[in-house]
Amino acid sequence: MKTIFITGASTGLGKATAKLFQQKGWAVIATMRQPEKETELSGLDNVTLLPLDVTNPEQINNTIQKAIQSGVDVVFNNAGYGLVGPMEAFSDEQIIKQLNTNLLGVLRVTQAFIPYFREKKSGLFITTTSMGGLFAFPLGSVYHATKFALEGWSESLSFELGLFNIGVKTVAPGGIATDFAGRSIDAPTHPAYDDATKKLWALFDVDNFSTAEQIAAVVYEAATDGKNQVRYVAGQDAQSLYARRLEIGNEAFRIEMGKNVLGL
């Protein structure tokens, strides 16, 4: 029986992925900041709950040492949230928290697992990025900084870990119909950008988002297809927008985005 280790498994995509892999006959190590509050996953066979705050290096090492005792085949770096708003509205604390969670947390978890995978000469890292790691929307600069960074980091890491038969993949979803937009969004405001903010949020129609289960299916595909492929663009909205960017080029797409969203 193969085992997947998942961060950010308490809600949304993380929980949907845990449930899907369990249904497919995998053992699941589902991690979250407060596993004692989780009631649904705790009742499933072959699911182990462990505490993990990806901003806590000591807890990362302790939890991973526990996890590898029973064996791990796939690590799914999924924990994260969105800092959205104008750059001048962000405090230094908010910027640091975003980088620490979305970027450094992934790097720390991955780095802790690498020696284990290298010794057994197999393993796979999958990281949730975003369509926001492939192109940018207005008013998301620091969030995009983390997701663009993860895409570049994953591509580079795939070369060095390929030496040891370790895979590196990203799943880049578009909008997901979960509570991400509520629970997992920090959205500071600034009066100079109120009109732009309203225009941006008006674009997002939850009715057209993918379900968490649909994106979890792409995670499962990435984990099991055996392909030498880094990026998996997930969701119709992400695929359509990314195809448009590739079709017309980066700068033309940027100009088009500015016109469509802000009327620039």
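Look up a bit, the structure's there.
Residues numbered from 1 in each chain as written. Predicted model: local features only at pLDDT ≥ 70, side-chain atom pairs only at ≥ 80, totals over all residues. Heavy atoms only, no water.

Focus on the overall build of the chain
Helix and strand counts for the chain come out as 9 helices and 9 strands. Here the C-alpha coordinates of the chain stretch approximately 55 × 40 × 35 Å along the principal axes. Looking at the chain as a whole, 49% of its 264 residues are labelled buried. In the chain, the share of contacts with a sequence separation of at least 24, taken over all contacts with a separation of at least 6, comes to 70%. With the model as given, the accessible surface of the chain reaches about 12,800 Å², and the carbon-plus-sulfur share is 51%. Where the 23 positive side-chain charges of the chain centre and where its 27 negative ones centre are 4 Å apart. (Helix = DSSP H or I, 4+ residues; strand = E, 2+ residues; numbered from the N terminus. Buried < 20%, exposed > 50% of the residue type's maximum accessible area, 1.4 Å probe, protein only. Contact = heavy atoms within 4.5 Å. Areas by Shrake-Rupley, 256 points an atom, 1.4 Å probe, with all protein chains shown as cover. Lys, Arg positive; Asp, Glu negative; His and termini not counted. Charge placed at Lys NZ, Arg CZ, Asp CG, Glu CD.)

Points about the nonpolar core
By size, the foremost hydrophobic cluster in this structure holds 30 residues, and its most contacted members are Ile-4, Val-28, Ala-30, Ile-126 and Val-171. Among the secondary structure elements, those contributing two or more residues to this core are strand S1 (3-6), helix H1 (12-23), strand S2 (27-32), strand S3 (47-51), strand S4 (74-77), strand S6 (123-128), helix H7 (212-224) and strand S9 (231-234). When residues in this core are grouped by element, the largest group, 7 residues, is from H7. Ala-79, Leu-103, Ala-112 and Ile-114 belong to the second-largest nonpolar core, a separate cluster that totals 26 residues. (Core = buried A, V, L, I, M, F, W, Y, C linked by side-chain atoms within 4.5 Å.)

Points about unusual backbone geometry
Note: most peptide bonds trans; most residues except glycine with negative phi. Of note in this structure, Lys-121 is not a glycine but carries a positive phi near 55°. Looking at the secondary structure, you find Lys-121 in the loop between helix H3 (92-120) and S6. Look at Leu-139: it is not a glycine, yet its phi comes out positive at around 65°.

Some thoughts on the packing of aromatic side chains
Tallied over the entire structure, the rule returns 8 aromatic pairs. A network of ring pairs unites the aromatic residues Phe-5, Phe-113, Tyr-116, Phe-117 and Phe-125 as a single cluster. Note that Lys-24 overlies the ring of Tyr-220, its terminal NZ or CZ placed 5.2 Å from the centroid. Note that Lys-97 overlies the ring of Tyr-81, its terminal NZ or CZ placed 5.4 Å from the centroid. (Phe/Tyr/Trp six-rings, centres within 6.5 Å; stacked < 30°, edge-to-face > 60°. Lys NZ or Arg CZ within 6 Å of the ring centre and 35° of its normal.)

Describing empty space enclosed by the protein
The full count for this structure, using the stated rule, is 1 cavity of 30 Å³ or more. Empty space within the largest cavity amounts to approximately 30 Å³. In terms of lining residues, the largest cavity is bounded by Thr-7, Val-54, Asn-77, Ala-79, Thr-101, Gly-105, Val-106 and Val-109. The leading source of residues in the lining of the largest cavity is H3, at 4 residues. Residues of the lining of the largest cavity, tallied by class, amount to 4 nonpolar, 4 polar and no charged. (1 Å grid on protein atoms, 1.4 Å probe; cavity = no way out; pocket = protein on both sides within 12 Å on 5 of 7 lines; lining within 4 Å. Points joined across faces, edges and corners; volume = space filled by probe spheres on them. Nonpolar A, V, L, I, M, F, W, Y, C, P; charged D, E, K, R; others polar.)

Looking at the layout of surface pockets
Considering only enclosed or pocket space, the second largest pocket measures out at about 480 Å³ in volume. Every residue lining the second largest pocket is counted, 24 residues in all, and those nearest its centre are Gly-123, Leu-124, Ile-166, Gly-167 and Lys-227. Where the lining of the second largest pocket is concerned, the elements lending two or more residues are S6, helix H4 (141-162), strand S7 (166-173) and H7. Here the lining of the second largest pocket takes 4 residues from S7, the largest share from any one element. Residues that form the lining of the second largest pocket fall into these classes: 8 nonpolar, 10 polar and 6 charged.

Notes on a nonpolar patch on the surface
There is a patch of nonpolar side chains on the surface, built from Trp-201, Leu-203 and Phe-204 and spanning about 270 Å² of accessible area. Within the fold, Trp-201 resides in helix H6 (residues 194-203). (Patch = residues over 30% accessible without salt bridge, like charges linked within 9 Å, V, L, I, M, F, W, Y side chains within 5 Å. Salt bridge = Lys/Arg side-chain N within 4 Å of Asp/Glu carboxyl O.)

Re the sheet that holds S7
Across the sheet, which stays open at both edges, the 7 strands sit in the order S3-S2-S1-S4-S6-S7-S9 with parallel pairing between neighbours. For this open sheet the edge positions go to S3 and S9, each flanked by a neighbour on one side alone. If you compare each strand with its neighbour and ignore which way they point, the axes differ by 20° on average. Helix H2 (residues 57-69) rests against S1, S2 and S3 of the sheet, and its axis sits at about 160° to S3. Across the sheet, H7 lies against S4, S6, S7 and S9, angled at about 160° from S7, the strand it touches most. (Pairing = 2+ DSSP bridges. Axes fitted to C-alpha atoms, helices over the stretch in contact; angles between N-to-C directions.)

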